[in-house]
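Chains, contacts and geometry: an overview
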Amino acid sequence: MADRYLRWTHTGPGRFLTRRLGLPRPEVLHRWSAERPTLEGGPLLHLSATATGGCDEKELREALEGCGLPVVRERTDGEGRVAAVLVDATALGTVAELSGVHASLHPLLRRLAPCGRVVLLGARPAPDDHHQAAAQQALEGFVRSLGKELGRGRTANLVRLAPPAGAESAASTLRFLLSPRSAFVSGQVIEVAADGTVPDPSDGSPAGSGEGSGRVRGSGTGTGTGEGRRVALVTGAARGIGEQIAGRLAREGAHVFCLDVEQAAADLTRVADRLGGTALPLDITAGDAGARIVEALPDGRLDVLVHNAGITRDRRLVNMAADRWADVLDVNLASVLRTTDHLLAAGALRGSRVVATASIAGIAGNVGQTNYAASKAGVIGFVRALAPRARAEHATTVNAVAPGFIETRMTAAVPFVIREAGRRMNSLSQGGQPLDVAETVAWLAEPASHAVNGQTVRVCGQSLLGA
Ligand code: NAD
């Protein structure tokens, strides 16, 4: 949906009036495109918050190379714009050392290009070190505040490494955060926790190697999926966010099974045909949905499973009939558990990536959405609890995205005033696009994201709701 206000603020009169009246002037966000695949405006500065310690230099340099930007080490002086700043604060162990974070970033912020990035690398503290815990937790408040201060489409995020994870484990996450693909992700704390000891049952390689879900498939004979392509399934793929997720996974070469209800069959076929995928008209709440999915898959396995289908049936609880409650809980939550359980038990998820869709409503709550918020909070609980077991037993990761205000048919139906408030109440002063959610899902679905597990990542432009 068009954000007319955003467009108006970039006209002559719009610029004049927003300045005079002190109105928000949202930046036109730089999103990934084939023409503009990397951040722009200058190099990536790689700094250390502490004089000694920190990530392995070589590993971090290799991880940063994937961002496609020239990397400049330890230079806070100089002039000219910078596209991004990465501060390695993993060795931070005391409150006094926090001054290194200030010293690193303070001189640079005025030079950060529009739509630039600040990423801090922190560490999960040792359980018996309350000094390190204080210093590392301080980074969380710091990043969340900085995200609110930066403006002009710039974002700030914290990546927390849990030993033994090193920079190599964080490579896919850094590539994502330090790119235009993360345009609507800000104020997030993402934990990276490699577990190199878990074998991948599918091919015997360590889960921590990241090779598990990138393996070459069988010939796909008779399925049309083609040799070597990853196989993905996206529920609710006929339109909106699901359509974009399917498109994004197809862009990386996956064969995508697009699932949606029978009533959406025409749209679903259009999407699947356009992507060279397979349409799977099916109600995800059907008792045999899991079995029918397995039946439809070439060699009965999936590399990527995206639970995206979702519905709202809003009413205040006092006016909410039992069927409105039951339908929302069934589509948004119970079917996610049923399908995942079935696919795990059938061995269809091995070395795979499961991404579920929560919502900031599940974190902050919303008037008229007790059913929806309960279902989405349930998704977060599901992901957190299943993730360690899915990794240990199936070398599979389980994560969630929690979209904020995204410009879709769902939010177009919201009354104007509430819609405008929802759009502007975040650090980027605008709604996100379905592509923003799709990019985040695609990062979590990468084989290289093997060390990201049990996380719920908000795609909300750092919404004030539930912040
Ligand atoms: P949408 O209504 O545009 O699309 C949802 C799709 O799910 C539709 O194609 C629908 O037919 C399908 N679906 C519904 N019930 C189904 C069932 N039983 N079986 C199979 N498919 C079914 O919604 P959207 O805005 O694209 O949202 C996608 C997901 O993102 C949902 O889970 C939603 O709760 C979540 N979300 C959206 C926003 C937003 O701002 N749009 C914010 C937070 C979370």
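What counts as what
Residues numbered from 1 in each chain as written. Predicted model: local features only at pLDDT ≥ 70, side-chain atom pairs only at ≥ 80, totals over all residues. Heavy atoms only, no water. Helix = DSSP H or I, 4+ residues; strand = E, 2+ residues; numbered from the N terminus. Rg over C-alpha atoms; globule rule 2.2 N^0.38 Å. Buried < 20%, exposed > 50% of the residue type's maximum accessible area, 1.4 Å probe, protein only. Near = heavy atom within 4 Å. Polar contact = N/O pair within 3.5 Å; in protein donor to acceptor, adjacent residues only side chain to side chain. Areas by Shrake-Rupley, 256 points an atom, 1.4 Å probe, with all protein chains shown as cover. Nonpolar A, V, L, I, M, F, W, Y, C, P; charged D, E, K, R; others polar. Expected span 1.5 Å × (residues − 1). Arc of directions from axis to C-beta. Contact = heavy atoms within 4.5 Å. Phe/Tyr/Trp six-rings, centres within 6.5 Å; stacked < 30°, edge-to-face > 60°. Lys NZ or Arg CZ within 6 Å of the ring centre and 35° of its normal. Domains from an automatic or database assignment. Buried area = accessible area lost by both parts, 1.4 Å probe. Salt bridge = Lys/Arg side-chain N within 4 Å of Asp/Glu carboxyl O. Pairing = 2+ DSSP bridges. Axes fitted to C-alpha atoms, helices over the stretch in contact; angles between N-to-C directions.

Side note on the overall build of the protein chain
- When you go through the protein chain residue by residue, the secondary structure sums to 15 helices and 13 strands.
- Here the C-alpha atoms of the protein chain give a radius of gyration of 22 Å, agreeing with the 23 Å that 2.2 N^0.38 yields for 467 residues.
- Overall, the protein chain is about 60 × 55 × 45 Å in size when its C-alpha atoms are taken along their principal axes.
- Put simply, the protein chain has 467 residues, and 55% of those count as buried.

Notes on the site of the ligand
- In the neighbourhood of the ligand, 26 residues make up the surrounding shell, with Arg239, Asp260, Asp283, Asn308 and Tyr372 lying closest.
- The contact in question runs from a nitrogen atom of the ligand to an N or O atom on the backbone of isoleucine 284, over 3.0 Å.
- For the ligand, whose unbound accessible area comes to 830 Å², protein coverage reaches 93%.
- Of all the elements in the fold, those that place two or more residues in the shell around the ligand are α7 (240–251), β8 (255–260), α12 (370–394) and α13 (409–412).
- In terms of residue class, the shell around the ligand is made up of 13 nonpolar, 9 polar and 4 charged.

Side note on helix α5 (residues 130–150)
- A rise of 1.5 Å per residue sets the reference length of α5, with its 21 residues, at 30 Å; its end C-alpha atoms lie 30 Å apart and thus fit the reference within 8%.
- The set of residues buried in α5 consists of Gln132, Ala135, Gln136, Leu139, Glu140, Val143, Leu146, Gly147 and Leu150. Take α5 and look down its axis: the buried residues cluster within an arc of 160°, on one side only. Every exposed residue of α5 that faces more than 90 degrees away from the buried side is listed here: His130 and Glu149.
- Summarising the contacts, the buried residues of α5 are in contact with α4 (99–105), β4 (112–123), β5 (155–161) and β6 (189–192).
- Two to three positions downstream of the cap, the backbone nitrogen of histidine 131 sits 3.1 Å from a side-chain oxygen, assigning the N-cap of α5 to aspartate 129.

Points about the packing of aromatic side chains
- Taken as a whole and judged by the stated rule, the model has 1 aromatic pair.
- Judged by centre distance (4.6 Å) and plane angle (5°), the rings of phenylalanine 176 and tryptophan 443 are stacked. Of the two residues, phenylalanine 176 is situated in helix α6 (residues 171–177) and tryptophan 443 in helix α15 (residues 434–445); the sequence distance between them amounts to 267 residues.
- Residue phenylalanine 176 is classed as buried on the basis of its relative accessible area, which comes to 0%.
- Sitting above the plane of the tryptophan 32 ring, arginine 251 keeps its charged end 3.6 Å from the centroid.

Description of the domain arrangement of the protein chain
- Along its sequence, the protein chain is carved into domain 1 (38–192) and domain 2 (201–459).
- The C-alpha centroid of domain 2 is placed 29 Å from the C-alpha centroid of domain 1.
- In this complex, domain 1 contributes 19 residues to the contact, which on the side of domain 2 involves 24 residues.
- In this assembly, domain 1 packs against domain 2 so that about 1,800 Å² is buried in total across both faces, 58% of it on carbon and sulfur atoms.
- Remark: the boundary between domain 1 and domain 2 carries 2 salt bridges.
- Here arginine 181 ties to glutamate 446 by a salt bridge, and the two come within 3.5 Å at their closest N and O atoms.
- Here domain 1 and domain 2 share 5 residue pairs in polar contact (both at pLDDT 80 or more) between them.

Some thoughts on the side chain of threonine 173
- Within the element layout of this structure, threonine 173 appears in helix α6.
- Owing to a relative accessible area of 0%, threonine 173 belongs among the buried residues under this scheme.
- When neighbours within four sequence positions are excluded, threonine 173 is seen to be in contact with Val159, Ile190, Val192, Trp443 and Val452.

Thoughts on the sheet that holds strand β7 (residues 231–235)
- Across the sheet, which stays open at both edges, the 7 strands sit in the order β9-β8-β7-β10-β11-β12-β13 with parallel pairing between neighbours. Each of the sheet's edge strands pairs with one partner strand only, and the pair in question is β9 (278–281) and β13 (456–459). Neighbour-to-neighbour, the strand axes of the sheet open up by a mean angle of 20°, direction not taken into account.
- For strand β12 (residues 397–403) and β13, the ladder comprises 4 bridges, and the chain directions are parallel. Looking at the pairing, proline 403 lines up with valine 459 of β13.
- Along the sheet, helix α8 (residues 265–275) contacts β8 and β9; its crossing angle with β9, the most-contacted strand, is approximately 160°.
- Lying over the sheet, α15 contacts β10 (302–307), β11 (349–357), β12 and β13, oriented at roughly 165° with respect to β12.

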